[in-house]
Each structure stands twice: as structure tokens, then as C-alpha cells.
Amino acid sequence: MRGVGISTGAVGSGILETAALAAPAGNVAGPGAVPVTLKINGKPYSLNIEPRVTLIDALRNHLDLTGAKKVCDRATCGACTVIMDGKVVYSCTTLAIEAQGKDIQTIEGFSQNGKLHPVSAAFVNHDAQQCGYCTPGFVVAVKGFLDKHPNPTEQDVEAGLGGNLCRCGTYVGMRKAVLEAAKEMRGGRNA
Amino acid sequence: MQPFEYANPTTLQEALGMLGNRWGETYVLAGGTDLISLMKEYIETPKRLVNIKGIKELGGIQSTKTGLRIGSTVTVEELLDHAEVRKSFPALTEAARGISSPQIRNMGTVGGDLCQRPRCWYFRQGFGLLAMKDGKSLVPDGENRYHAILGNGGPAYFVSASSFGPALVALGAKIRLASASGHREVAASKFFVTPQNENAREIALLPNEILTEIIVPHEGTKNATYEVRQKQALDWPLAAASVALKMKGSTVSSARIVLAHVAPTPWEATEAGKALDGKAVTPESAEEAAKAALADAKPLSGNGYKVQLARVAVKRALLEAVRARG
């Protein structure tokens with residue numbers, strides 16, 4: 001099996017486009033560019049990328065979805081957070097090729113019909129940002145957190161956002177924003 | 001990152017057929033939280049990654065007659081949320097909670113936690129596992145505040161980074177490894193090894209093997225994990241302890257005390273465990289056990305503070321284990 005289909009590109013031939021297709025034995029892609037299809041905010045995107053391309057680079061450099069930020073690039077700061085199959089993950093440390101067949105939500109999909117998502121709105125109301133660079137990652141992480149913990153205590157909020165860093169130190173505003181967003185989302189509006 | 005080929009097998013046999021016999025060429029990809037970072041730093045430059053998350057048999061947590069079976073690709077979050085784990089093995093639940101980033105918990109797997117590489121900053125900066133330069137380790141005279149205080153006679157000075165390893169050792173767990181030629185089972189206490197040369201590894205896994213599952217025997221112990229950390233969020237503990245106590249009424253009939261982040265492997269404090277035999281766990285007896293657990297500690301130039309932190313971890317883990325849970 002080893003050594004079969006290792007040449008670049010050719011093996012891509014659609015095999016990896018959806019996870020729904022069973023992978024045949026010896027299914028190896030790359031190291032050159034291969035076709036990859038990602039479902040982002042409900043829409044399919046096709047791209048041709050090497051297996052080493054991370055999800056954050058696919059989003060930002062190949063699809064022009066620049067909401068998620070690349071900051072530490074080492075699964076620590078949280079600025080690149082996206083939601084994959086309902087779970088928050090670091091897109092800097094997820095390969096785009098492994099994200100195939102997953103339902104990916106990014107900050108770009110948060111506002112609906114021109115109306116801010118309750119989490120984004122609560123961040124505005126509580127001045128929960130300063131320079132703003134960590135904000136998209138935080139907003140996505142907060143949505144992921146509130147989807148799992150709709151009625152959190154302040155302590156839950158602190159623990160639940162342990163995967164994101166704000167170097168401006170706007171945590172006080174953020175905690176208030178999260179609690180307000182939780183209330184808003186429990187009300188069922190725009191959630 | 002260097003370019004690599006990516007394989008996405010759906011069966012264990014297929015995945016095993018894609019592995020090689022040498023470290024560095026082919027790596028198993030699970031959560032990727034450690035491996036991808038190492039690849040970005042060119043500490044690892046594999047030619048192939050084999051994603052094992054699509055292999056169904058490696059997932060799931062089930063009760064079996066030999067104990068609780070935890071699949072290697074179970075995520076940290078899945079383990080944290082698992083009611084039976086929380087009820088019988090709070091030492092594991094607390095270790096999972098200590099991995100305090102939800103993103104890492106959603107991505108990282110139990111098998112990956114056991115196989116992750118040390119956090120030693122010399123290793124992470126490319127000086128190799130033993131941090132050697134000109135035939136000498138950089139650690140004893142260098143920045144060693146997070147390094148080992150036990151089992152640190154050299155040549156390894158790093159500390160094992162695994163969160164679950166110490167709890168699994170305390171709980172008497174077995175780790176199952178598969179290769180193309182069959183399966184083998186290793187006691188958690190034998191899975192972690194102190195490398196004696198730069199080409200050795202810190203775990204018993206071989207390059208052609210995949211960690212498939214963990215079996216935690218139902219021994220009815222009272223168990224707990226306590227981690228001492230500088231920051232509440234997203235950091236490795238400075239010292240920690242996992243304990244598992246077999247009880248006869250309110251006294252201990254046998255105790256396993258395992259220290260974490262103090263040695264190149266999870267560090268079982270056998271004598272400290274024996275010292276608790278026949279005693280009730282009280283603040284006084286826990287303190288005695290904690291002192292005994294660190295009696296052999298030999299701190300390096302910059303990490304003497306870890307001795308007291310490790311004592312605190314042992315004492316609090318013991319008291320937590322016997323605390324009545326509502």
C-alpha cells in the first residue's frame with residue numbers, strides 16, 4: 001500500500017472532497033495541492049491547497065474570510081477561534097484538509113439580515129474591546145460557550161473563556177457582555 | 001511547516017499499514033494541538049501524517065468487564081463531560097478540567113495527551129529532548145524553573161507534560177498499543193520512560209504503533225487529582241498529584257500517590273503511599289504523606305520552589321479524594 005498514490009495532485013481527484021465518501025485503502029493526498037471543499041457558514045467553498053495549509057490560512061489567504069485572526073499561531077491565544085461541528089476550535093492548529101465535511105462557523109456568519117448577533121451586540125454595549133484584534137475570536141468563543149452553557153455564572157464565564165487572551169485586558173467588560181448575551185439568547189431572539 | 005502527505009484512513013489496519021519503523025517520517029495525527037505546533041517550529045518535519053480521527057473503533061467510552069475502556073481519540077472535553085468517569089474516576093475528570101482551554105479540550109485527545117512531547121523550552125527551541133550542547137545538558141546551569149526535581153540525575157531533566165498519565169498510573173490503568181503485527185498492553189506506569197539518550201523517546205510507544213485505547217480497572221478507589229498552577233487559565237501546572245486510595249472503612253488499605261510535572265515521567269511516591277496504610281486521611285496524615293513524597297527531591301538551581309508546591313498538591317489531592325461528594 002505504501003508508495004501508492006503519493007505523487008502530488010493526481011490523487012486528489014475528488015476523493016477527499018467530502019468526508020461522506022468512504023476513503024479507499026491507500027488514500028493519501030499531497031504533499032502538493034489537492035482539491036479541498038469546506039462548508040463555511042452553510043456555504044460550500046472549493047479550493048486547491050496543500051495538506052499543510054491550516055484552516056486559518058485557508059480562511060484568510062484563500063477565501064478572504066479575514067474575521068478570524070492569526071496571532072500566536074500556536075493554539076494559545078484564541079484569536080483564530082471558529083466553531084466546527086458545534087465546538088470551538090483553534091483554526092491555526094487545524095489543517096484545512098481535516099475540516100472537510102465539517103460544519104464550520106466563522107464570525108462572518110454571525111450577523112443575520114444586517115442585525116448583530118446578540119454576543120457581538122453585547123460586546124459593543126459593554127465596551128468589551130480596546131484594540132479589537134482578539135474580539136472576533138472572543139465573540140466566536142463566547143457563542144460556543146453559551147451554546148453549551150446557556151445560563152452561566154460569572155465563574156463559569158471565566159473558566160469557559162480560558163482559551164482566549166486579550167492583551168488590552170478588557171476582561172471586565174467581556175464578562176458583563178457574556179452575561180448579557182446569555183440573557184438575550186435565552187430570550188430566543190436572534191440566537 | 002514542511003510539505004507532507006496526508007492520509008485519512010477509516011480502519012485501524014489501513015492506518016497501521018501507513019506507519020514506518022523510524023521516528024520522524026510518519027506521524028499519527030489526532031487532535032494535532034501538539035504535533036502541528038512542533039511542525040510549525042520544524043522540531044518535527046514528517047513526510048506523512050496519518051489522521052486517525054476517522055477510525056470509529058478508536059473513539060468512545062464504554063464500561064467493560066475489565067474496566068472502563070476509553071478510546072484514544074476521545075477528546076478531553078468528551079472525557080470531562082462523561083458521567084461515569086466523573087463518578088468513578090474523578091482523578092481523570094479533574095485532570096481534564098485542568099486543561100483549561102475549551103478549544104484545546106475540544107481538539108485534543110486522551111491518546112494525544114499521553115503521547116505529547118515535553119514542554120521543556122530547550123526541546124521546543126531545537127536543542128533536542130535532552131537539551132544537549134557540546135556534550136552537556138543546558139538545563140542544570142540554565143533556565144530550569146519548570147524542570148524536574150525528582151528523577152533528575154540526568155541525562156533527562158524535562159518533566160512529563162501529560163495530564164492524564166499520573167491519574168492513569170494511580171488508577172492502575174493499562175494502555176493498549178496496536179501495530180500491523182498485533183496488539184500489546186502496557187501498564188500506564190511502564191508507558192512513560194526516562195530516555196537515556198537523544199534518540200530515545202519518553203514513552204513506550206514505537207513508531208509503527210498506534211495507541212488504541214486505555215482500560216481503567218474498576219478498583220473502587222477514592223481518587224483525585226490536584227494541580228498547582230500560576231494562572232487559572234490555559235497553562236501547564238507547576239506541580240500536581242493524582243492519588244487513588246483503596247479504603248477499608250475510613251482507613252486506607254493501600255494508596256497510590258503519583259506526582260506530576262516534577263520528573264521526566266509521572267512519579268509514583270511508593271513510600272509515601274505505604275505510609276498511609278491503615279491510617280485515616282486527615283490533614284495531619286496527608287501532610288506527612290506529602291513530606292514523604294518529596295523526601296528525595298533534589299531541586300536544580302532554579303526550581304526549589306516546586307518542592308513545596310508538589311507537597312501541597314499531594315496533600316490537597318489526598319484530602320480531596322476522601323472528601324464526601326454530594
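Only a predicted model underlies this, so the values are computations on that prediction, with no experimental measurement involved.

Participant: Lay out the nonpolar core in plain terms, naming residues and giving numbers.
Facilitator: Membership of the largest hydrophobic core comes to 75 residues, with the highest contact counts inside it found for Leu38 of chain A together with Leu92 and Phe164 of chain B. Here Leu38 of chain A is in contact with Lys43, Pro44, Tyr45, Leu47, Leu55, Ala58, Leu63, Ala96, Ala99, Gln100 and Ile104 of chain A, once residues within four sequence places are set aside. Of all hydrophobic cores here, the second largest spans 31 residues; its members include Val243, Ala263, Ala313 and Leu318 of chain B.

Participant: Hey, could you go over the interface of chain B and chain A for me, with residue numbers and the actual values?
Facilitator: In this assembly, 38 residues from chain B lie in contact with 42 residues from chain A. Of the roughly 3100 Å² buried between chain B and chain A, counting both surfaces, carbon and sulfur atoms make up 56%. Together, Tyr6, Lys40 and Gln103 of chain B form the three largest contributors to the area buried by chain B at its contact with chain A, with a combined 22%. On inspection of chain B and its partner chain A, the count reaches five salt bridges. The shortest N-O distance in the salt bridge between Asp73 of chain A and Lys40 of chain B comes to 2.7 Å. Secondary structure elements with two or more residues in the side of chain B that touches chain A: strand 1 (5-7), helix 1 (12-17), helix 2 (35-40), strand 3 (48-51), helix 3 (76-81) and helix 6 (102-107) of chain B. Of all the elements, helix 6 of chain B adds the most residues to the side of chain B that touches chain A, at five residues.

Participant: How would you summarise the packing of aromatic side chains if you had to cite specific residues and measurements?
Facilitator: All names here are of chain B. All chains considered together, the criterion is met by five aromatic pairs over all chains. Taking the centre distance of 5.2 Å and the plane angle of 90° together, the rings of Phe191 and Phe192 count as edge-to-face. For the pair Phe191 and Phe192, a shared accessibility class is recorded, and that class is buried. We note Arg145 situated over the ring of Tyr146; from NZ or CZ to the ring centre the distance is 6.0 Å. The lysine or arginine in question, Arg201, covers the ring of Trp23, its NZ or CZ lying 4.2 Å from the ring centre.

Participant: A description of the packing of helix 3 (residues 135-148) of chain A against helix 5 (residues 171-186) of chain A should follow, citing residues and the corresponding values.
Facilitator: Residue and element names in this part refer to chain A. Running from N to C, helix 3 and helix 5 cross one another at 45°; their axes reach a closest spacing of 11 Å. As judged from the angle between their axes, helix 3 and helix 5 are oblique. Relative to helix 5, the crossing made by helix 3 is right-handed. In this structure, helix 3 contributes Phe138, Val142, Phe145, Leu146 and Asp147 to the contact, and helix 5 contributes Tyr171, Met174, Val178, Ala181, Ala182 and Met185.

Participant: Describe in detail the environment of Asn223 of chain B, supporting the description with residues and values.
Facilitator: Residues and elements named next belong to chain B. Checked against the element boundaries, Asn223 lands in strand 11 (residues 222-228). Put simply, Asn223 and Pro90 are 133 residues apart on the chain and 6.3 Å apart in space, counted from C-alpha to C-alpha. A distance of 3.0 Å separates a polar atom in the side chain of Asn223 from the backbone oxygen of Ser88. Within the local environment of Asn223, its side chain forms a polar contact with the backbone nitrogen of Ala91, the two atoms lying 2.8 Å apart.

Definitions and cut-offs
Residues numbered from 1 in each chain as written. Chains lettered and ligands numbered in written order. Predicted model: local features only at pLDDT ≥ 70, side-chain atom pairs only at ≥ 80, totals over all residues. Heavy atoms only, no water. Core = buried A, V, L, I, M, F, W, Y, C linked by side-chain atoms within 4.5 Å. Buried < 20%, exposed > 50% of the residue type's maximum accessible area, 1.4 Å probe, protein only. Contact = heavy atoms within 4.5 Å. Buried area = accessible area lost by both parts, 1.4 Å probe. Salt bridge = Lys/Arg side-chain N within 4 Å of Asp/Glu carboxyl O. Helix = DSSP H or I, 4+ residues; strand = E, 2+ residues; numbered from the N terminus. Phe/Tyr/Trp six-rings, centres within 6.5 Å; stacked < 30°, edge-to-face > 60°. Lys NZ or Arg CZ within 6 Å of the ring centre and 35° of its normal. Axes fitted to C-alpha atoms, helices over the stretch in contact; angles between N-to-C directions. Parallel < 35°, antiparallel > 145°, perpendicular 65-115°, else oblique. Left-handed = near helix turned anticlockwise from the far one by under 90°. Polar contact = N/O pair within 3.5 Å; in protein donor to acceptor, adjacent residues only side chain to side chain.

Just distances and angles here, no functional claims.
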